[in-house]
Amino acid sequence: MDIYPKFYCDRITDINVDFLRENNIKALILDVDNTLLDTDKRMVDGLEKWHEEIINAGIKTLILSNSNKKKKLEFISEKLGIEYIGFATKPLKRGFIKAKEKLGFPYEEIAAIGDQIFTDVIGANRCNIFSILVKPIDENDLLITKWKRPIEQKIIDKYLEIEKSKDKE
């Protein structure tokens, strides 16, 4: 099982159109909790402007969330003007398969952006989707996520070590 992301950065807004084009990405699957919204349902700074640039570049987007909180999903969906799939059961493949079908691109041309290794990264990697891990917006987490963060941090540290050694080659 591939637990490492293809790319890691601080915030979703750090991912630019040039990077996506360089990696042949034509569509994005976006996580919600701690990727687009913090635990108080505030959007990450600059999200609307970032999303507008992505859309203007012809890159399609779709929200894929494990959340079943319809009001929250509708809020962010309406703010960004995009569809969403809730209760996605990530890292299972079914949500990613639905997202691929809605986006209309092959897996190799899709990237998934999220803040969790055990849901977003592993699920994307299982489907051969370009996985992008971002740091959580907020330190507050749902209980189901909180216990996984120390384990994820060990994986991230190892990932950064591997990437650093690649740079030296």
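Structure: see above.
Structural notes, computed from the coordinates.

Here is what the cut-offs are and how they apply
Residues numbered from 1 in each chain as written. Predicted model: local features only at pLDDT ≥ 70, side-chain atom pairs only at ≥ 80, totals over all residues. Heavy atoms only, no water. Buried < 20%, exposed > 50% of the residue type's maximum accessible area, 1.4 Å probe, protein only. Helix = DSSP H or I, 4+ residues; strand = E, 2+ residues; numbered from the N terminus. Right-handed = clockwise from strand over helix to strand, strands pointing away. Pairing = 2+ DSSP bridges. Arc of directions from axis to C-beta. Contact = heavy atoms within 4.5 Å.

## Re the pairing of strand S2 (residues 27-30)
- By the alternation rule, side chains of S2 split into Ala 27 and Ile 29 and Leu 28 and Leu 30, which are all buried.
- Chirality of the crossover, the property in question, places the unit of S2, helix H2 (residues 47-56) and strand S3 (residues 60-64) among those that are right-handed.
- Note that S2 and strand S5 (residues 110-114) share 4 bridges and pair parallel. Residue pairing for S5: Ala 27 is matched across the bridge by Ile 110.

## Points about helix H3 (residues 70-80)
- Taken together, the buried positions of H3 are occupied by Lys 72, Leu 73, Ile 76, Ser 77 and Leu 80. With its buried residues spanning 125° around the axis, H3 presents them on a single face. Away from the buried face of H3 by more than 90 degrees, exposed residues Lys 70, Lys 71 and Glu 78 are located.
- Next to the buried residues of H3 lie H2, S3 and strand S4 (84-85).
- Remark: Gly 81 follows H3 within two positions and exhibits a positive phi of approximately 70°.

## Overview of unusual backbone geometry
- For the peptide bond that leads from Lys 90 to Pro 91, omega is 15°, which places it in the cis range.
- Following the sequence through the fold, Pro 91 ends up in the loop between S4 and helix H4 (93-103).
- Backbone geometry at Asn 34 places phi at a positive 65°, although glycine is not the residue there.
- Position of Asn 34 among the secondary structure elements: in the loop between S2 and H2.
- The residue Thr 89 is not glycine, and still its phi comes out positive at about 55°.

## Here we look at H2
- Three or more residues of H2 are buried, namely Leu 47, Trp 50, His 51 and Ile 54. The arc enclosing the buried residues of H2, seen along the axis, measures out at 95°, which places them on a common side. With respect to the buried face of H2, the exposed residues turned more than 90 degrees away are Lys 49, Glu 52 and Asn 56.
- Those residues of H2 that are buried are in contact with helix H1 (17-22), S2, S3, H3 and S5.
- Once H2 finishes, Gly 58 follows within two positions and takes phi at roughly 85°, a positive value.

## Some words on the sheet that holds strand S6 (residues 130-134)
- In spatial order, the strands read S1-S6-S5-S2-S3-S4; together these 6 strands make up an open sheet with parallel pairing. Every other strand in the sheet has two partners, leaving strand S1 (7-9) and S4 as the edge strands with one partner each.
- Two strands pair when backbone bridges link them, and S1 and S6 are joined in this way by 3 bridges, in the parallel orientation. The residue of S6 that forms the bridge with Cys 9 is Val 134.

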